[in-house]
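# Descriptive structure summary
Listed here are the chains, written in short residue letters.
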Number of protein chains: 2
Amino acid sequence: MPVDDPIARLLKAFNDIQNLSPEVEYQFAELCKKIEVKKHQNLQSIGQTCRTIYFVNEGAARIYYYKEDKDVTEYFAFENDLIIRAESLFTGKPSHKAIQTLKDTSFIAIPAPPLFELFDQYHDLERLFRKLLEKSYVETINRLESLQFQTAEERYQTLMTKSPVVVREIPLKHIASYLGITQVSLSRIRATIT
Amino acid sequence: MPVDDPIARLLKAFNDIQNLSPEVEYQFAELCKKIEVKKHQNLQSIGQTCRTIYFVNEGAARIYYYKEDKDVTEYFAFENDLIIRAESLFTGKPSHKAIQTLKDTSFIAIPAPPLFELFDQYHDLERLFRKLLEKSYVETINRLESLQFQTAEERYQTLMTKSPVVVREIPLKHIASYLGITQVSLSRIRATIT
DNA sequence: CTATTCCTTTTACAAATGTTAAATAATCAG
DNA sequence: CTGATTATTTAACATTTGTAAAAGGAATAG
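Report follows, based on the coordinates.

## Section: the overall build of chain A
- Helices and strands together make up the secondary structure of chain A, namely nine helices and eight strands.
- Projected onto its principal axes, the C-alpha positions of chain A cover 55 × 35 × 30 Å.
- Across the 194 residues that make up chain A, the buried fraction comes to 51%.
- Pairs at least 24 residues apart make up 70% of the contacts formed inside chain A by residues separated by at least 6 positions.
- As presented, chain A carries roughly 9,400 Å² of accessible surface, and 50% of it is formed by carbon and sulfur atoms.
- Counting 25 positive and 26 negative side-chain charges, chain A places the averaged centre of each group 7 Å from the other.

## Some details on the interface of chain A and chain B
- Contacts between the two partners involve 39 residues from chain A, matched on the other side by 39 residues from chain B.
- Its largest share of buried area at the contact with chain B, chain A owes to Tyr137, Gln148 and Phe149 of chain A, together 19% of the area lost on that side.
- Taken together, the links from chain A to chain B amount to 10 salt bridges.
- The closest approach of N and O atoms between Glu126 of chain A and Arg130 of chain B, which form a salt bridge, is 2.7 Å.
- Residue assignment for the side of chain A that touches chain B shows that the elements contributing at least two residues are β4 (61-67), β5 (70-77), α3 (86-91), α4 (112-121), α5 (123-149) and α8 (172-179) of chain A.

## Comments concerning the pattern of salt bridges
- Throughout the structure, instances matching the rule amount to 24 salt bridges over all chains.
- The salt bridge involving Glu36 of chain A is made with Lys34 of chain A; its shortest N-O contact spans 3.4 Å.
- Judged by relative accessible area, which is 57%, Glu36 of chain A ranks as exposed.
- Residue Lys97 of chain B pairs with Glu74 of chain B through a salt bridge whose shortest N-O separation is 2.9 Å. One end of the pair, Lys97 of chain B, is in strand β7 (residues 97-101); the other, Glu74 of chain B, is in strand β5 (residues 70-77), and 23 residues separate them in sequence. With respect to burial, Lys97 of chain B and Glu74 of chain B carry one shared label: buried.
- Three or more residues are tied together by salt bridges with common partners; here these are Asp120 and Glu126 of chain A together with Arg127, Arg130 and Glu134 of chain B.

## Focus: the relation of the copies chain A and chain B
- When chain A is fitted to chain B, the residual RMSD is 0.0 Å, and the transformation amounts to a turn of 180 degrees plus an axial shift of 0.0 Å. Taken together, these values place the two copies in the relation of a two-fold axis.
- A share of 100% of interface residues in chain A that are also interface residues in chain B marks the association as one of identical surfaces.

## Remarks on the protein's contact with DNA strand C
- Around DNA strand C sit 18 residues, and of these Leu172, Lys173 and Ser187 of chain A together with Ala152 and Arg188 of chain B come closest.
- Sugar and phosphate atoms represent 61% of those atoms of DNA strand C found within 4 Å of the protein.
- A distance of 3.5 Å separates a phosphate oxygen of DNA strand C from a polar atom in the side chain of Lys39 of chain B.
- For DNA strand C, a phosphate oxygen lies 3.2 Å from a polar atom in the backbone of Thr182 of chain B.
- Sorting the residues of the surface near DNA strand C by element identifies α8 and α9 (183-193) of chain A together with α9 (183-193) of chain B as the ones contributing at least two each.
- Tallying contributions element by element places α9 of chain A first for the surface near DNA strand C, with six residues.
- Class assignment for the residues of the surface near DNA strand C results in seven nonpolar, five polar and six charged.

## Section: the sheet that holds strand β6 (residues 82-83) of chain B
All names here are of chain B.
- Ordered in space as β1-β8-β3-β6, the four strands form an open sheet in which the pairing is antiparallel. Lying at the two open borders of the sheet, with one neighbouring strand each, are β1 (33-37) and β6.
- Where strand β3 (residues 52-58) and β6 come together, two bridges link them in antiparallel fashion. Considered in β6, the bridge of Phe55 is made with Leu82.
- The sheet contacts of helix α1 (residues 6-17) involve β1, β3 and β8 (105-111), and relative to β3 the element is tilted by about 105 degrees.
- The strands touched by helix α4 (residues 112-121) within the sheet are β3 and β8, with β8 carrying the most contacts at an inclination of about 55 degrees.

## Describing the sheet that holds strand β2 (residues 42-44) of chain A
All names here are of chain A.
- With antiparallel pairing, four strands are arranged side by side in an open sheet as β2-β7-β4-β5. The two strands at the open ends of the sheet, each matched to only one other strand, are β2 and β5. Direction aside, neighbouring strands of the sheet carry axes that sit 35 degrees apart on average.
- Pairing analysis gives two bridges linking β2 to strand β7 (residues 97-101), with the strands arranged antiparallel. Directly across from Asn42, in β7, lies its bridge partner Gln100.

## Some remarks on unusual backbone geometry
All names here are of chain A.
- Unlike most non-glycine residues, His40 shows phi in positive territory, near 65 degrees.
- You can see His40 is positioned in the loop between β1 (33-37) and β2.
- The phi dihedral of Glu68 is positive, around 50 degrees, even though this residue is not glycine.
- You can see Glu68 is positioned in the loop between β4 and β5.

Calculation rules
Residues numbered from 1 in each chain as written. Chains lettered and ligands numbered in written order. Predicted model: local features only at pLDDT ≥ 70, side-chain atom pairs only at ≥ 80, totals over all residues. Heavy atoms only, no water. Helix = DSSP H or I, 4+ residues; strand = E, 2+ residues; numbered from the N terminus. Buried < 20%, exposed > 50% of the residue type's maximum accessible area, 1.4 Å probe, protein only. Contact = heavy atoms within 4.5 Å. Areas by Shrake-Rupley, 256 points an atom, 1.4 Å probe, with all protein chains shown as cover. Lys, Arg positive; Asp, Glu negative; His and termini not counted. Charge placed at Lys NZ, Arg CZ, Asp CG, Glu CD. Buried area = accessible area lost by both parts, 1.4 Å probe. Salt bridge = Lys/Arg side-chain N within 4 Å of Asp/Glu carboxyl O. Least-squares fit on C-alpha atoms with pLDDT ≥ 70 in both. Near = heavy atom within 4 Å. Polar contact = N/O pair within 3.5 Å; in protein donor to acceptor, adjacent residues only side chain to side chain. Nonpolar A, V, L, I, M, F, W, Y, C, P; charged D, E, K, R; others polar. Pairing = 2+ DSSP bridges. Axes fitted to C-alpha atoms, helices over the stretch in contact; angles between N-to-C directions.

Shown next as structure tokens:
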């Protein structure tokens, strides 16, 4: 495999989290499919049940949904980030959320059912995904904490510190809804802190 | 084991999620310790690194922390609910959160390091905890969604529907901070919808 | 290059929520 | 049972955030 092969790169990132045997790596790589999506396209659409796990190889994407006709961004994903519609994937119910690219993006797509079957044979692979889940869970708890008792300005400051790439590259309207405020409000905040 | 043995009861709930062999059940039960805590006591305190996984056997508890001297409730747990300080447990860092009982409560305590060691031997046990983690993760995402773009009144209505036991049994000040508002605000909301 | 579209800011006003303090109501310990 | 403590509500006012509309900037397609 070439060094810049995206699947090889993903496996390298995985091995930092959980050591995988060459056999598991091979079986896992067999499931992976590289997907190229142009900017502003939906990778998965609302109403569909999620059965695929994605990693961003290059580019950026978001999970969003509509709350009373308003576009709300729930999550941003950049290189090597996992992007899944967790509720739908784990419960088997249709998702009211969609995944959309923010620029031309290449993903690695892993169909969940055969992946979950591999878990039976390869304990380490299941452990890897348990650890990825732990990481996502902790991140979500931290965001919850931030939404629960920080002011909008504090949340924006936190985002600028923790994810400067978001503030640099993502349209403000998406950042606003991600922070749980309107874009007008975010503009005001930016005006006062600059 | 008697039918009302709390560990037996927990194992029964576990088997509904993931089938466990008698051997795993035995090994797991060996780790469990029953803990009785009086009302309003801290089970785990702020600053300590979390290395224990708890289940509520009977009673109720909350996870809370201080945000600028204000007591903020992050999570409520009732019978059969898992209660862990996830960030600390999964990262090994000291927690800025504490666990406190809301009434006289009995817990089942499971020390995490030996549990994680059992995962090496018993694949099914790791899978059980992966599934429990999935469930907690989905719940947290749903709460995030609620905090991100629902009004305080909508969040209170949702809570009354989804967890009437919380509204019935928990002091309003804890519910208010759980919803991300002040108790004054919650009182106002209650006055308008009654 | 230009026109169009989309993004961001600004303004003025409305609504929701926070703050502080006081008044009730409920609970608890002795 | 009673006084003390704790919980909840109410009030008045301040602050934050939302809404709608308009104006200015930036990006994009042809």
